[in-house]
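Structure at a glance
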Amino acid sequence: MSEMDELYKALLGEKEEKEAISLSDIINVVKDYFNYLWSKKWIIVAVGLLGGVIGLIHNITKPVNYTAHYSFSVASSSGSSSSSMLLNLVGMGNGNLDAFSGDNVLELLRSKELMESALLQPTVYNGDTITFMEYSLIVDSVRAKCESGELEKPEDEGMFYICDIQFPYGQERSTFSRAQDSVLMAKAATLVLENVASSRRDKKLSFMDYSFTYPDETFAKEFSKIHLQTAHEFYVSTKTEMVRKNVASFERRADSVRKELDKSLTRRAVFLDSNKDASGLYISSQAQKIQTDIELLAATYSEIMKNVETLKLDLVRETPLINTIDTPKFPLENDKTRKLKSIAVGGIVAGFLICFILIAIHYIEYMKKKMEEEASQLPAPKESNQNNEC
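Cut-off values and rules
- Residues numbered from 1 in each chain as written.
- Predicted model: local features only at pLDDT ≥ 70, side-chain atom pairs only at ≥ 80, totals over all residues.
- Heavy atoms only, no water.
- Core = buried A, V, L, I, M, F, W, Y, C linked by side-chain atoms within 4.5 Å.
- Buried < 20%, exposed > 50% of the residue type's maximum accessible area, 1.4 Å probe, protein only.
- Helix = DSSP H or I, 4+ residues; strand = E, 2+ residues; numbered from the N terminus.
- Contact = heavy atoms within 4.5 Å.
- Pairing = 2+ DSSP bridges.
- Axes fitted to C-alpha atoms, helices over the stretch in contact; angles between N-to-C directions.
- Parallel < 35°, antiparallel > 145°, perpendicular 65-115°, else oblique.
- Left-handed = near helix turned anticlockwise from the far one by under 90°.
- Nonpolar A, V, L, I, M, F, W, Y, C, P; charged D, E, K, R; others polar.

Observations concerning the nonpolar core
Among the nonpolar cores identified, the biggest contains 45 residues, and Phe-72, Met-115, Leu-119, Phe-167, Tyr-210, Phe-212 and Phe-223 are the most heavily contacted of them. Those elements that provide at least two residues to this core are β1 (66-75), α4 (104-108), α5 (112-119), α6 (132-139), α7 (142-148), α8 (178-194), β5 (207-214) and α9 (217-239). Counting residues per element, this core draws most heavily on α9, at seven residues. Ignoring anything within four residues of it in the chain, the contact list for Phe-167 reads Thr-131, Met-133, Glu-134, Leu-137, Phe-176, Gln-180, Val-183 and Leu-184. By size, the runner-up hydrophobic cluster in this structure holds 14 residues, among which are Val-247, Ala-254, Ile-304 and Leu-311.

Right, here's the structure in full:
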């Protein structure tokens, strides 16, 4: 055997020995920490039970949020070529009928303006018709705190007092005070940011999901319906606005032509009655002129009415079809976990936390002890005696 082989085996044997020692150290460390934790088992059990109690208390006392979920689809056509050609002929074909399509529908559900409009819609509470904004103040216990005197009136006269602000049903938005506008806008912004969730299931599909979350189950169900309905009505109105304006414009033109046609028919009748015994080229030419005007107005009126019917058909095609697939029903989904689950989660979390703290304490004690041992093994410094020479 060559010297290189012997050296290689020696090195290999040394490496295996180091690996075995390292593994043994790891096993000893694990045993040491396990024994230490086992010696503190009653502390761990006590802290785990305490965590379970805290989890149970949290489950009982935390407010429950209820979620009303809707699934719906939006289907719309892109309009017919006949209406586009007709509108281009009269100079009205530059509009974009697809301004609110695709993911823009979801953005409407996060609009603060539409949220404010929904909050001012009526609802019935204890037999009285009130706005959802007033209903939310009741649900949030604001009105109850006002009656009990928990909300004190601010000393600064420039600050508004919520107990003095009302949102009665039927009040025009233009008559709102500065304080009413401030509270309404703040409430709408909070609901949009924290309580509303909307998404499309798949970019290739037209199915959309909408959810509204609130601590009151009845409010969540009723308000989500009104909010979604408000967004749907705005979407349909905006989507078909230009076609409806065009229909109204052509109908006004048809009414104008019809009035002129009626006037021409009346004029012809009067002219013939007053000249029934007369003859001559002038009389016949005037009668022919009136008849020509009648025929021209009749033909124009007929064509305009055909165009009106065409636009009405396009209005039907442009009106998006919104199909509601899933609607919320009582009882609504909520985020309240079961009591046993809360106890288990609280106990496990507290147990892991106390184990981590005990391991950290044991490690610090070990390092402190090791440093003291190393310090005691160091040689004492030599004292040098110096002789002072006079």
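Description of the pairing of β1
Here eight bridges tie β1 to β5, and the two strands are oriented antiparallel to one another. Pairing of Tyr-70 across the sheet is with Tyr-210, part of β5. Where β1 and strand β7 (residues 333-334) come together, two bridges link them in antiparallel fashion. Of the residues in β7, the one forming a bridge with Thr-67 is Glu-333. As judged from the five bridges shared by β1 and strand β6 (residues 321-326), these two strands associate in the antiparallel manner. Bridged to Ala-75 within β6 is Leu-321.

Regarding the packing of helix α10 (residues 241-274) against helix α11 (residues 281-318)
Two elements in contact, α10 and α11, have axes whose closest approach is 8 Å; the angle formed by their N-to-C orientations is 160 degrees. The angle between α10 and α11 places the two elements in the roughly antiparallel class. α10 and α11 meet at a crossing whose hand is left-handed. Here the contact of α10 with α11 is built from residues that sort into 21 nonpolar, six polar and 11 charged.

A short note on the packing of α5 against α9
Taken N-terminus to C-terminus, the directions of α5 and α9 make an angle of 125 degrees; their axes are 9 Å apart at the nearest point. The orientation of α5 relative to α9 falls into the category oblique. The two elements α5 and α9 cross, and the hand of that crossing is right-handed. Contact residues: α5 offers Leu-114, Met-115, Ser-117, Ala-118 and Leu-119, while α9 offers Phe-223, Ile-226, His-227, Thr-230, Ala-231 and Phe-234. Its residues placed into classes, the contact of α5 with α9 shows eight nonpolar, three polar and no charged.

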